[in-house]
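Residue-level structure breakdown
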Amino acid sequence: MPWNSFASDTSEPAFLPRDGVDGASLIELMGMTQEEFSRCFKGSAVKRTKRRGLLRNVAVALGNWGSPEAVPVLAAALADAEPLVRGHAAWALGRIGTAGALQALRGRAEVEEDGWVREELSLALSS
């Protein structure tokens, strides 16, 4: 049992969700541009992870969710400028494993230049 399992809710403003991030879905977050990230998380500790760190975590969460609803945004993330995002999007698409996910993985495998991302694409296609 977590040490804070008996903690009560608080109305302390520092612990309340920030405007615009309290109900954002993972799919919406995955499509976030650098400008949107900077605006949304200005003054927040989330900025320390940088956009690539946040989207890496979102991709992992989407892969664990396993819903085909995530395929379009993960497929788009395969073209992200950040290899960290592309590699984790590949992993997530491999976990989802639908025909659309596999098609996106095969398409990116043909053009990917980063060695680590190519490895993730290969692993995702073989699972």
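Anything mentioned here points back to the structure above.
Here's what I pulled together on the structure shown here. The model shown is predicted, which means the values in this text are computed figures rather than measured ones. (Residues numbered from 1 in each chain as written. Predicted model: local features only at pLDDT ≥ 70, side-chain atom pairs only at ≥ 80, totals over all residues. Heavy atoms only, no water.)

1. Overview of the pattern of salt bridges
Applied cut-off: Salt bridge, as applied in this entry: a Lys or Arg side-chain nitrogen positioned within 4 Å of an Asp or Glu carboxyl oxygen. Starting at the N terminus, helices and strands are each numbered in turn, a helix being any DSSP run of H or I of at least four residues and a strand any DSSP run of E of at least two. Throughout, exposure labels follow a simple rule: accessible area from a 1.4 Å probe, protein chains only, divided by the maximum for the residue type, with under 20% read as buried, over 50% as exposed, and the rest as partly exposed.
In this structure the tally under the stated criterion is four salt bridges. When the shortest N-O distance is used, the salt bridge between D80 and R51 registers 2.5 Å. With a gap of 29 residues between them, D80 in the loop between α4 (71–77) and α5 (83–96) and R51 in helix α3 (residues 50–65) connect regions that are remote in the sequence. Of the two residues, D80 and R51, both sit in the buried class. One salt-bridge network, held together by shared partners, links R86, R108 and E112.

2. Concerning the packing of α5 against helix α6 (residues 99–109)
To keep it simple, the criterion reads: The axes used here are C-alpha line fits, helices contributing only the stretch in contact, and every angle between their N-to-C directions lies in the interval 0 to 180 degrees. In a left-handed crossing the near helix is turned counterclockwise from the far helix by less than a right angle, and in a right-handed crossing that turn is clockwise. We call two residues in contact when some of their heavy atoms are within 4.5 Å.
The interhelical angle for the contact between α5 and α6, taken along N-to-C directions, is 145°, at an axis separation of 9 Å. The element α5 and its partner α6 pack so that their crossing is left-handed. Contact residues: R86, A90, L93 and G94 in α5; A101, A104, L105 and R108 in α6.

3. Quick word on the side chain of E112
As a reminder, the rule being used: Think of a polar contact as two N or O atoms within 3.5 Å of one another; within protein, one of them needs to be a possible hydrogen donor and the other a possible acceptor, and neighboring residues in sequence only count if both atoms come from side chains.
Here E112 lies in the loop between α6 and α7 (115–126). The class for E112 is buried, based on a relative accessible area of 6%. A distance of 2.8 Å separates polar atoms of two side chains, one belonging to E112 and the other to R86. Polar contacts involving the side chain of E112 include one to the side chain of R108, which spans 2.8 Å. Filtering out sequence-adjacent residues up to four positions away, E112 remains in contact with L78, R86, V117, R118 and L121.

4. Quick look at the packing of aromatic side chains
Going by this rule: Stacked, edge-to-face and tilted labels apply to pairs of Phe, Tyr and Trp rings (six-membered ring for Trp) whose centres lie within 6.5 Å, assigned for plane angles under 30 degrees, over 60, and everything in between, in that order.
Using the criterion set out here, one finds one aromatic pair in the structure. With a centroid separation of 5.2 Å and an interplanar angle of 50°, the aromatic rings of F37 and F41 are classed as tilted. The exposure class of F41 is buried, given its relative accessible area of 7%.

Just distances and angles here, no functional claims.
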